[in-house]
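# Examination of the molecular architecture
Residue-level listing of the chains:
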Amino acid sequence: MPSIKITPDPNSDTYKSPIEQAGWFSHLNFLWILPFMKKVNKKRNDCTIHDIPDLGKSELPSKFRDRILAEYNFQKKATKKKPSMFKIIEKCFRSTLGASLLAQVIYCLCRIAYGVLLNQVLRSLSDENETAKDAFMWAIGLILCIIISVYARNHKAHHAERAATMIKTGLISLIYQKACSLSSQTLHKMNVGKIVNLVAHDVNLLDAGLSGVISLASAPIAIIGSLILLWIFFGPSCLVGFGFIVLSAPLQALATKKSKTWRADKNNASDERVKLTNEVIDEIRLLKMYAWELEYMKMVQNVRAREVGYLKKMMTLDFGNRAFSLSIQGISAFLIFLTFYLPGGNLTSSIVFPTVFMLKFVRFYGIYVILLGHAMLIEINLVFNSSHTA
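Residues numbered from 1 in each chain as written. Predicted model: local features only at pLDDT ≥ 70, side-chain atom pairs only at ≥ 80, totals over all residues. Heavy atoms only, no water.

## Some details on the overall build of the chain
Counted only if it meets this: Helix and strand definitions follow DSSP, with helices as H or I runs of at least four residues and strands as E runs of at least two, each counted in order from the N terminus. Three exposure classes are used, based on accessible area relative to the maximum for each residue type with a 1.4 Å probe and protein chains only: buried under 20%, partly exposed in between, and exposed over 50%. Every residue pair with non-hydrogen atoms within 4.5 Å of one another is taken to be in contact.
Scanning the chain from terminus to terminus reveals 15 helices and zero strands. Per-residue burial over the chain gives 37% buried out of 390 residues. Sequence-distant contacts in the chain: of pairs separated by 6 or more residues, those separated by 24 or more amount to 81%.

Here you go:
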């Protein structure tokens with residue numbers, strides 16, 4: 001007699017989603033996702049939305065909405081002024097954001113330790129006084145360091161994405177609840193284009209933006225740890241290459257400041273375009289009757305051209321900044337090696353290869369992460385301000 005598989009009812013009080021049922025080992029290795037992946041692999045193109053596991057009680061959008069609303073009302077009464085959405089979001093989702101930040105800090109420490117262990121492995125192989133056993137032990141430590149960094153990076157990304165999803169669903173649910181409570185007359189006076197653009201586009205920036213902000217918070221650890229390691233390798237000579245990286249920071253800050261203005265203008269143009277498009281759809285009969293289609297089409301095209309213009313400026317600026325940041329690693333490494341070798345320093349593989357790796361690490365967190373994280377911080381601030389006024 002074939003066995004009958006009973007699927008738990010998602011409406012029951014005892015139902016738990018796969019991630020809620022998972023233990024610590026399943027969480028650590030993401031084993032809770034395997035049953036769903038097996039089902040997808042088995043059905044392939046026959047998968048439907050019903051194959052996706054239902055949300056658990058702690059994952060419902062209403063939970064996040066009520067949490068944000070309760071914290072908003074609490075801060076409004078406590079401070080007697082306009083509450084800060086940053087503080088509200090941080091307090092409501094502190095545990096998930098904290099887990100992501102902790103994993104990111106562990107990742108940064110592992111990458112710094114990677115440079116130390118790589119130096120020891122290469123030194124053990126080139127030093128006649130060291131045995132193969134010593135190099136083997138350092139290599140084991142290097143492998144463990146890589147494994148831990150892989151786990152940390154994946155958990156950082158997972159918790160950042162999970163926090164972003166919680167925030168997005170909470171904000172969208174809050175906006176929907178507010179819109180449903182308004183009268184039709186009040187809704188007609190509101191900027192519908194701004195709300196549609198916020199729900200359909202702006203909140204999606206949290207997916208990449210939140211991860212960038214968390215990386216930005218760990219940047220000081222990466223920079224200071226790398227500087228200490230380079231000082232051990234080269235002494236004062238490392239300050240030449242490091243100084244070159246620091247001197248490039250004002251250029252990045254200037255570019256980010258300019259990008260902030262263009263991003264705000266682009267968002268305003270997007271809101272105006274969506275609003276015009278909605279007006280055209282709502283009053284399409286009137287437009288047809290008076291033959292105003294071409295005039296309104298020109299209006300929408302002009303706003304769209306202005307929006308694309310700001311977008312092109314932003315992309316050009318970002319492209320230039322990223323191209324410049326990629327060249328900094330090679331220039332700073334050349335400056336360090338030159339100032340260390342000319343006075344009589346001995347360049348060996350045990351310090352050259354770890355230095356190249358660490359400078360790549362410094363370049364990524366000292367320039368790219370700061371640039372991207374600051375830009376994403378601006379975007380998230382605009383999203384929070386838009387959701388606050390929506």
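## Describing the packing of aromatic side chains
The cut-off we apply is this: Two rings from Phe, Tyr or Trp (for Trp, the six-membered ring) form a pair when their centres sit within 6.5 Å of each other. Planes less than 30 degrees apart are called stacked, planes more than 60 degrees apart edge-to-face, and all others tilted. A positively charged side chain is recorded as over a ring if its NZ (Lys) or CZ (Arg) lies within 6 Å of the ring centre. The angle to the ring normal must also be within 35 degrees.
Across all of its chains, the model carries eight aromatic pairs by this definition. Pairing phenylalanine 234 with phenylalanine 337 gives two aromatic rings, centres 5.9 Å apart and planes at 50 degrees, and the pair type is tilted. Of this pair, phenylalanine 234 sits in helix H10 (residues 206–234) while phenylalanine 337 sits in helix H14 (residues 293–341), and the two are 103 residues apart along the sequence. We note that phenylalanine 234, like phenylalanine 337, is buried. One aromatic cluster is present, built from ring pairs that chain together Phe233, Phe234, Phe337 and Phe340. The lysine or arginine in question, arginine 111, covers the ring of tyrosine 114, its NZ or CZ lying 5.4 Å from the ring centre.

## Looking at the packing of helix H6 (residues 94–126) against helix H7 (residues 132–181)
Short version of the rule: Lines are fitted to the C-alpha atoms to define the axes, a helix being fitted only along its stretch in contact, and any angle between axes, read from their N-to-C directions, falls within 0 to 180 degrees. Orientation labels follow simple angle bins: below 35 degrees gives roughly parallel, above 145 gives roughly antiparallel, 65 to 115 gives roughly perpendicular, and whatever is left gives oblique. Crossings are assigned a handedness: left-handed for a near helix turned anticlockwise from the far helix by less than a right angle, right-handed for a clockwise turn.
Contact pair H6 / H7: the axes reach a minimum separation of 7 Å and the direction vectors enclose 160 degrees. Classified by the angle their axes make, H6 and H7 are roughly antiparallel. By crossing handedness, the relation of H6 to H7 is classed as left-handed.

## Overview of unusual backbone geometry
Trans is the common state for peptide bonds, and a negative phi is the common state for residues other than glycine. Even without being glycine, phenylalanine 30 reaches a positive phi, approximately 60 degrees. Relative to the elements of secondary structure, phenylalanine 30 occurs in the loop between helix H2 (24–29) and helix H3 (34–43).

## Considering the pattern of salt bridges
Put simply, the test is: We define a salt bridge as a side-chain nitrogen of Lys or Arg found within 4 Å of a carboxyl oxygen belonging to Asp or Glu.
The final tally for this structure, using the stated rule, is seven salt bridges. Glutamate 59 is the salt-bridge partner of arginine 162, the closest N and O atoms lying 3.6 Å from each other. Separated by 103 residues along the polypeptide, arginine 162 in helix H7 and glutamate 59 in the loop between H3 and helix H4 (61–79) bring together distant segments of the chain. On the basis of relative accessible area, arginine 162 is assigned to the partly exposed category, the value being 23%. Put simply, arginine 306 and glutamate 272 hold a salt bridge, and the shortest N to O gap is 3.0 Å. Of this pair, arginine 306 sits in helix H14 while glutamate 272 is found in helix H12 (residues 249–282), placing the two residues 34 residues apart along the sequence. For arginine 306, a relative accessible area of 36% translates into the label partly exposed. Relative accessible area serves as the criterion here: at 35%, glutamate 272 is assigned to the partly exposed category. Because the salt bridges share partners, they merge into one network encompassing Arg273, Arg304 and Glu307.

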